[in-house]
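Listed here are the chains, written in short residue letters.
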Amino acid sequence: MPVGNGYDVLVVGGGIVGLSTAHALTRAAPGTRVAVLEKESSCGRHQTGRNSGVIHSGVYYRPGSLKARMAVRGAAQMVEFCAEHGIPHAVTGKLIVATERSELPRLHALAQRGRENGLRVRELGPAQITEREPHVRGVAALWVESTGVCDFGAVADTLARLAVEGGAVLRTSTEVRGIVRRSGEVVVRTTTGEVRGRALVNCAGLHCDRVARMAGDDPGMRVVPFRGEYYALAAPRRHLVRGLVYPVPDPAFPFLGVHLTRDVHGGVHVGPNAVPALAREGYTWLRASPRDLADLVAFPGTWRIARRHWRREAGELYRSLSRRAFVAAARRLLPELGPGDLRPAPAGVRAQGVLPDGTLVDDFRFAGSGPVVHVLNAPSPAATASLPIGEEVARRVLAALR
């Protein structure tokens, strides 16, 4: 057990990635003194608790990338983890549907990418789409067998329990305010006092770039928050969707478009769109942060990404402000959908890394030096990949401690 405020490893951030890291550390090196520092009163309150609950297959990601490798491995590990610990989950497969013939080249390219990533995918025609999803319409589709759904909040709770059983300490309501690196230790100033560790892991998600700078490292990117707004299908209309139905994504934009997802509890979500958030935790238009807005305005990448994607973002903003426009986007997949079929659902915020030149960071990113490891740009599919991410971070930290 830790003595006072001294630990071997301090993990900043109690989301699913931070909790997975703590669990991996206590498994790989029993007796390692680990503390998870979480600013909220409980863990998993942000990206972990506000996502679609989809176990992603890895079909979208560039072959050989961290996202591709960790999503494929993470999906299999997540299903095993849920089964072992009695967490609600299902391997449902999903349809990626082309609604226009102009999308067919992208659909075929996606099928090839999936095969390169080692996935079992099948290309389907209209009749086969109807067999799987009777109310969905399209000219062709890709069936991805290994996609599933789970309750990531329950996964995070289980990881927290296992980490504590392994000797870790969860320090909630503990916000990091400053970091000082000294020879042989890292001193973290928090809202509840100083905490010392031999090593530090930054899993701060929406605030990971700020924590990296506190630790004296240049993350080389800035988190630009995008809010994903969802609706839920009214209960009498849930029969319209059996499983998971996605549009063909635009490869130039890191968001998947408005899709249909049936969760493990029987609800069906429609969305999300992707609009700039006015705060890193800006889950509504009314929630704004002067500090976050000032950071966005001062960052050159914000303006460059706006110039590069302004047409696409204009459409996303319109769908945010108009339910009819949102429904029109969803009706490309589900023609029977009407505005009265939808109910507002909680939104999430994606911690998207952006480079100073306006390029969207398209892969997970690990950085840091010596006893400090930063997990940067870990939005979706980070929940799916959380177990292998935690293992990789634990490996890096333990190597630094030797």
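The coordinates are above.
Here the residue index of a chain counts from 1 through its sequence in written order. Two thresholds apply to this predicted model, a pLDDT of at least 70 for residue-level local features and 80 or more for giving and counting side-chain atom pairs, whereas whole-chain, interface and lining totals are computed over all residues. The side-chain values count all of the structure's non-hydrogen atoms but skip hydrogen atoms and water molecules.

Chemist: How do you make sense of the packing of helix α1 (residues 16-28) against helix α10 (residues 386-401) when you look at a structure like this?
Modeler: Each packed pair of helices is defined by two parameters, the angle between the axes and the distance between the axes. Two elements in contact, α1 and α10, have axes separated by 7 Å at closest approach and are oriented at 55°. With respect to their mutual orientation, α1 and α10 come out oblique. In this structure, α1 meets α10 at a crossing whose hand is right-handed. Contacts between α1 and α10 involve Ile16, Val17, Ser20, Thr21, Ala24, Leu25 and Ala28 from the first element and Ser386, Leu387, Ile389, Gly390, Glu391, Val393, Ala394, Val397 and Leu398 from the second. Residue composition of the contact of α1 with α10, grouped by class: eleven nonpolar, four polar and one charged. Fitted lines through C-alpha atoms give the axes, limited to the stretch in contact for helices. The angle between two N-to-C directions lies from 0 to 180 degrees. Going along the chain from the N terminus, every DSSP run of H or I of four or more residues is numbered as a helix, and every run of E of two or more is numbered as a strand. Put simply, angles under 35 degrees are roughly parallel, angles over 145 are roughly antiparallel, angles from 65 to 115 are roughly perpendicular, and the rest are oblique. Put simply, a crossing is left-handed when the front helix is turned counterclockwise from the back one by less than a right angle, and right-handed when it is turned clockwise. Throughout, a residue-residue contact means that at least one pair of heavy atoms, one from each residue, lies within 4.5 Å. Just so you know the grouping, Ala, Val, Leu, Ile, Met, Phe, Trp, Tyr, Cys and Pro go in nonpolar, Asp, Glu, Lys and Arg go in charged, and all remaining residues, Gly too, go in polar.

Chemist: How should the environment of Arg396 be read in this particular structure?
Modeler: Mapped onto the elements of the fold, Arg396 is located in helix α10. Distance in space between the C-alpha atoms of Arg396 and Val373 is 7.4 Å, their sequence separation being 23 residues. Ignoring anything within four residues of it in the chain, the contact list for Arg396 reads Phe366 and Val373.

Chemist: Mind showing me how you'd approach the sheet that holds strand β3 (residues 54-55) here?
Modeler: Backbone-to-backbone hydrogen bonds pair the strands of a sheet. The strands run either parallel or antiparallel. Within the open sheet, the three strands sit side by side as β3-β8-β4. Their pairing is antiparallel. On the outer flanks of this sheet lie β3 and β4 (89-91), each paired with one strand and no other. Here β3 runs beside strand β8 (residues 148-150); their pairing, made up of two bridges, is antiparallel. From the neighbouring strand, Val54 faces β8, where its bridge partner is Val149. Its contacts with the sheet place helix α2 (residues 66-85) against β3, β4 and β8, and it is angled at close to 135° to β4. For two strands to pair, DSSP has to find at least two bridges joining them.

Chemist: Explanation requested: the packing of α2 against α10 in the structure shown.
Modeler: Two numbers describe how α2 lies on α10: the axes approach to 7 Å, and their chain directions differ by 110°. As far as their axial angle goes, α10 and α2 are roughly perpendicular. Counting all contacts with α2, which are made through Met70, Arg73, Gly74, Gln77, Met78 and Phe81, the residues of α10 involved are Ser386, Leu387, Pro388, Ile389, Glu391 and Glu392. For the contact of α2 with α10, the residue count by class is six nonpolar, three polar and three charged.

Chemist: So what exactly am I meant to see when it comes to the nonpolar core here?
Modeler: Where a protein is soluble and globular, its nonpolar side chains tend to be buried together. Grouping buried Ala, Val, Leu, Ile, Met, Phe, Trp, Tyr and Cys residues that are joined through side-chain atoms within 4.5 Å yields what is termed a nonpolar core. Each residue is placed in one exposure class: buried if its accessible area under a 1.4 Å probe, protein chains only, is under 20% of its type's maximum, exposed if it is over 50%, and partly exposed if it falls in between. Counting 47 residues, the largest nonpolar core has Val9, Val155, Ile389 and Val397 as the members making the most contacts within it. At the level of elements, β1 (6-12), α1, β2 (34-37), α2, α5 (152-165), β12 (193-202), β20 (372-376) and α10 are the ones that each hand at least two residues to this core. Val188, Ala215, Val223 and Val349 belong to the second largest nonpolar core, which has 25 residues in total.

Chemist: Got a minute to help me understand the packing of aromatic side chains in this structure?
Modeler: Aromatic ring pairs: the centre-centre distance and the angle between the two ring planes describe each pair. Put simply, two rings from Phe, Tyr or Trp (the six-membered ring, in Trp's case) pair if the centres are within 6.5 Å, and we call them stacked under 30 degrees between planes, edge-to-face over 60, tilted for the rest. In the structure shown here, the tally under the stated rule is two aromatic pairs. Where Tyr231 meets Phe326, the ring centres are 4.8 Å apart and the plane angle is 70°; that geometry is what we call edge-to-face. Here the residue Tyr231 occupies a position in strand β13 (residues 222-233), and Phe326 occupies one in helix α9 (residues 323-331), the gap between them amounting to 95 residues. Neither Tyr231 nor Phe326 differs from the other in exposure class; each is buried. Sitting over the ring of Tyr283, Arg50 keeps its end group 3.7 Å from the ring centre. We call a charge positioned over a ring when the NZ of a Lys or the CZ of an Arg lies within 6 Å of the ring centre and within 35 degrees of the ring normal.

Chemist: Even after reading the chapter, I still don't get the pattern of salt bridges, so can you show me in this structure?
Modeler: Once their charged atoms are close, side chains differing in charge can pair, the charge on each being opposite to the other. Throughout this description, the term salt bridge denotes a Lys or Arg side-chain nitrogen within 4 Å of a carboxyl oxygen of Asp or Glu. The full count for this structure, using the stated rule, is 27 salt bridges. We note a salt bridge from Lys39 to Glu40, for which the minimum N-O separation is 2.9 Å. Overall, Glu40 belongs to the buried group, its relative accessible area being 15%. Note that Arg287 is salt-bridged to Glu281, the shortest N-O span being 3.8 Å.

Chemist: Looking at this structure, I do not really get the pairing of β20. What am I missing?
Modeler: Remember that side chains alternate between the two faces of the sheet whenever the strand is regular. Burial analysis of β20 places five of its five residues in the buried class, which makes it a mostly covered element. Here β20 shows a buried face lined by Val372, His374 and Leu376 and a second buried face lined by Val373 and Val375. With three bridges connecting them, β12 and β20 associate as parallel partners. Opposite Leu200, over in β20, you have Val372 as the bridge partner. Here strand β19 (residues 365-367) pairs with β20 via three bridges, running antiparallel. The residue bridging Arg365 from the neighbouring strand is Leu376, located in β20.

Chemist: Looking at this model, I keep getting lost on the environment of Arg50. Mind explaining?
Modeler: Assignment of secondary structure puts Arg50 in the loop between β2 and β3. The class of Arg50 is partly exposed, set by a relative accessible area of 30%. Along the sequence, Arg50 and Gly6 sit 44 residues apart, while their C-alpha atoms lie 33 Å from each other. In this structure Arg50 touches Arg45, Tyr283, Pro346, Ala347 and Gly348, once residues within four positions along its chain are discounted.

Chemist: Looking at this model, I keep getting lost on the environment of Arg262. Mind explaining?
Modeler: Tracing the chain through its elements places Arg262 in strand β15 (residues 259-262). In this structure Arg262 comes out as partly exposed when scored by relative accessible area, which is 22%. Separated by 24 residues in sequence, Arg262 and Arg238 place their C-alpha atoms 8.4 Å apart. For Arg262, the contacting residues outside a window of four places in its chain are Val149, Arg238, His239, Val241, Arg242, Gly243, Leu244, Gly267 and Val268. Think of a polar contact as two N or O atoms within 3.5 Å of one another; within protein, one of them needs to be a possible hydrogen donor and the other a possible acceptor, and neighboring residues in sequence only count if both atoms come from side chains. Within the local environment of Arg262, its side chain forms a polar contact with the backbone oxygen of Gly266, the two atoms lying 3.0 Å apart.

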